[in-house]
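Survey of secondary and tertiary structure
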Amino acid sequence: MTTSPVTGAPAGAPRVNRFYFAAWRWHFYAGLYVIPFLLMLATTGLLMLWISVLSGRDGERIPVVPAGTPISVEAQADAALAAVPGGSLAGYIAPSSVDQAALFKVRTGEDAVTLVAVDPYAGDVLDQYPYRAGWYDTLDTIHGTLLLGTLGDRLIEAAASLAVVMLVTGLYLWWPRGGSLRAALVPNLGARGRGLWKSLHATTGIWWSLALLAFLLSGLSWSGIWGERYVQAWSTFPAAKYDAVPLSDKTHASMNHGNAKEVPWALEQTPMPASGSHAGMAMPGMADGEPLTFGKAVAIAREIGFDGRFQLAAPRGEDGVWTISRDSMSNDSPNPTTDRTVHLDRYTGNLLADMRFADYSIYGQAMAVGIALHEGDMGAANVAFNTIFCLGVIFLAVSGVVMWWKRRPAGVLRLAAPPAPRDMGLWKGAVLVGLVLAIAFPLAGIAILVAVVFDALLLSRLPAAKRLVS
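Residues numbered from 1 in each chain as written. Predicted model: local features only at pLDDT ≥ 70, side-chain atom pairs only at ≥ 80, totals over all residues. Heavy atoms only, no water.

Along its length, the chain carries 13 helices and ten strands. Buried residues in the chain amount to 48% of all 470 residues. Sequence separation of 24 or more characterises 64% of the internal contacts of the chain that already satisfy a separation of 6 or more. Of the accessible surface of the chain, which amounts to about 22,600 Å², a share of 65% is contributed by carbon and sulfur atoms. (Helix = DSSP H or I, 4+ residues; strand = E, 2+ residues; numbered from the N terminus. Buried < 20%, exposed > 50% of the residue type's maximum accessible area, 1.4 Å probe, protein only. Contact = heavy atoms within 4.5 Å. Areas by Shrake-Rupley, 256 points an atom, 1.4 Å probe, with all protein chains shown as cover.)

Enumeration according to the criterion identifies 18 aromatic pairs in this entry. Aromatic side chains tyrosine 33 and phenylalanine 37 sit 4.9 Å apart centroid to centroid with 35° between the ring planes, which places their arrangement in the tilted category. On the criterion of helical spacing, the pair formed by tyrosine 33 and phenylalanine 37 is a turn pair, its members being four residues apart in helix H1 (residues 15–55). Its relative accessible area of 12% is what places phenylalanine 37 among the buried residues. A centroid spacing of 6.1 Å and a plane angle of 20° characterise the contact between tryptophan 197 and phenylalanine 395, whose relative ring orientation is stacked. Note that tryptophan 197 is positioned in helix H6 (residues 194–220) and phenylalanine 395 in helix H10 (residues 380–407), a separation of 198 residues in sequence. The exposure class assigned to tryptophan 197 is partly exposed, which follows from its relative accessible area of 27%. Three or more aromatic residues joined by ring pairs make a cluster, and in this case those are Tyr92, Phe104, Phe294, Phe306 and Phe310. (Phe/Tyr/Trp six-rings, centres within 6.5 Å; stacked < 30°, edge-to-face > 60°.)

This part takes up the pairing of strand E1 (residues 88–93). Judged from the five bridges that link them, E1 and strand E2 (residues 102–107) form a sheet pairing that is antiparallel. Among the inter-strand pairings, glycine 91 is bridged to a residue of E2, identified as lysine 105. In the sheet, E1 pairs with strand E7 (residues 311–313) via three bridges, with the strands oriented antiparallel. Bridging from a neighbouring strand, tyrosine 92 pairs with leucine 312 of E7. (Pairing = 2+ DSSP bridges.)

A few words now on the packing of helix H2 (residues 73–83) against helix H8 (residues 294–303). For the pair H2 and H8, the least separation of the axes is 9 Å and the interaxial angle reads 130°. Of the possible angle classes, the one that applies to H2 and H8 is oblique. The two elements H2 and H8 cross, and the hand of that crossing is right-handed. Contacts between H2 and H8 involve Val73, Glu74 and Ala77 from the first element and Phe294, Gly295 and Val298 from the second. Grouping the constituent residues of the contact of H2 with H8 by class yields four nonpolar, one polar and one charged. (Axes fitted to C-alpha atoms, helices over the stretch in contact; angles between N-to-C directions. Parallel < 35°, antiparallel > 145°, perpendicular 65-115°, else oblique. Left-handed = near helix turned anticlockwise from the far one by under 90°. Nonpolar A, V, L, I, M, F, W, Y, C, P; charged D, E, K, R; others polar.)

Throughout the structure, instances matching the rule amount to twelve salt bridges. Among the ionic pairs, arginine 132 bridges to aspartate 137, the shortest N-O distance being 3.9 Å. Aspartate 137 shares its class with arginine 132; the two are buried. Of the charged contacts in the structure, one is a salt bridge between aspartate 354 and arginine 356, with a shortest N-O distance of 3.2 Å. Among the residues examined, aspartate 354 registers a relative accessible area of 25% and is labelled partly exposed. Its relative accessible area of 40% is what places arginine 356 among the partly exposed residues. Ionic contacts of the salt-bridge type, sharing partners, join the residues Asp58, Arg132, Asp137 and Glu262 into one network. (Salt bridge = Lys/Arg side-chain N within 4 Å of Asp/Glu carboxyl O.)

On the basis of which strands lie adjacent, the open sheet formed by eight strands has the order E4-E3-E2-E1-E7-E8-E9-E10 and antiparallel pairing. Only two strands of the sheet have a single neighbouring strand rather than two, namely strand E4 (125–130) and strand E10 (351–356). Put simply, the sheet's adjacent strands are angled 20° from each other on average, direction ignored. Here E2 runs beside strand E3 (residues 113–118); their pairing, made up of six bridges, is antiparallel. Paired with alanine 102 across the two strands is valine 118, which belongs to E3. In the packing of H2 onto the sheet, the strands contacted are E1, E2, E3 and E4, and the crossing angle to E2 comes to about 50°. Of the strands in this sheet, E1, E2, E7, strand E8 (321–326) and strand E9 (340–345) are in contact with H8, which crosses E8 at around 40°.

Now for the packing of H6 against H10. Contact geometry of H6 with H10 gives a least axis separation of 9 Å together with a crossing angle of 140°. The angle between H6 and H10 places the two elements in the oblique class. Judged by the twist between their axes, the crossing of H6 over H10 is left-handed. Of the residues belonging to the contact of H6 with H10, the class tally is 14 nonpolar, seven polar and four charged.

Formed by 49 residues in total, the largest nonpolar core has its most connected members in Tyr242, Trp265, Phe389 and Phe441. Considering each element in turn, this core owes the most residues, seven residues, to helix H4 (residues 150–174). The residues contacting tyrosine 242, other than those within four sequence positions of it, are Phe237, Leu247, His252, Thr270, Pro271, Pro273, Ala353 and Met355. (Core = buried A, V, L, I, M, F, W, Y, C linked by side-chain atoms within 4.5 Å.)

Now the structure itself:
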């Protein structure tokens, strides 16, 4: 029997086999770029998850001993301000339970904020530290930008987009041909060598595929191109839903601190309402012409249904507003359907906007739930699932490298890419799939184009490069 010098398959092999080799080659190329990023994302995600569980996203799990009735929030705020001379009150995070400290954000500069933990019963300052400057935040910045800013965001977006390509091609490669579906879902533990690794890689990949796709899409929705310009722009809460109130020239994203995402995804691009008019609905306990103070803002929050942990942000600038919020991605609640953001006029205390989960678009609601799941914010089962998921993704990346290492020729410096098929009769279908992915994920499209140019043009003209890849 003769074999093809290109594919290694029998001469005259069915066209579908050639398509299999093409999918394998694209799976391999995508993996070259994606695997390091998957390892980074899964590892940093796992560390962030358990930092949040053990000490809190902001290190806020500081226990206190309940002793009667808490002192007033104004007195707690005074204690926090006294601990940071020259600071101004920027925000408040209410305790999630009666045995935890209250947190106050004290601004010491344009972008410098100190987090002060106060015993709500005794008024003692328990701890203070720079806001958003802990291990969680360093890992979060690596997870989102590789510490490279916009360039890092684009590199990670390209990797996540190509991971979708790798997922699609991997599913095609896994699809049972002539065998039972059950055999394809259960690893063959009796295999040895590369066959065992291939079986473990394939079955883990299929069981992890839906979760991986969900994680990739929720992560991509935060990205700079596919997220901000493709999806978030048309899924943003429309400011037209405000009840005839003046708008600021700032968006909700201005409330984020540095690179940290603190505002619900569906609101980031929505303009903020502005203080300084008589618009909005009057709130109980506010006298006409009386400006809204911190203590009264907390009282209003409790009055309108914010129980347990919620956050209060002080106004910035003359037209700034008091903002009361609870959202699951900030660890305020394990239930994203209770997400709520309220804006109050700083001069009148009038309610300018009250946005809830039900007001989001369908994709905005999906993102609220998706981000909470992505971060492991929805309880112990979510934490357990995310832990197993991250370990599974690490295994997929490592097993892919092991399979490549076992397949490559020993003692030679070559990538040993899967052979490129010739005369692939189904090339139009492959091009169509590539075009769809390129349109849906622009950076993946650019990466695919670069790979096509490299594979089809450069390798045929550079024998040394061809030997290195083959």
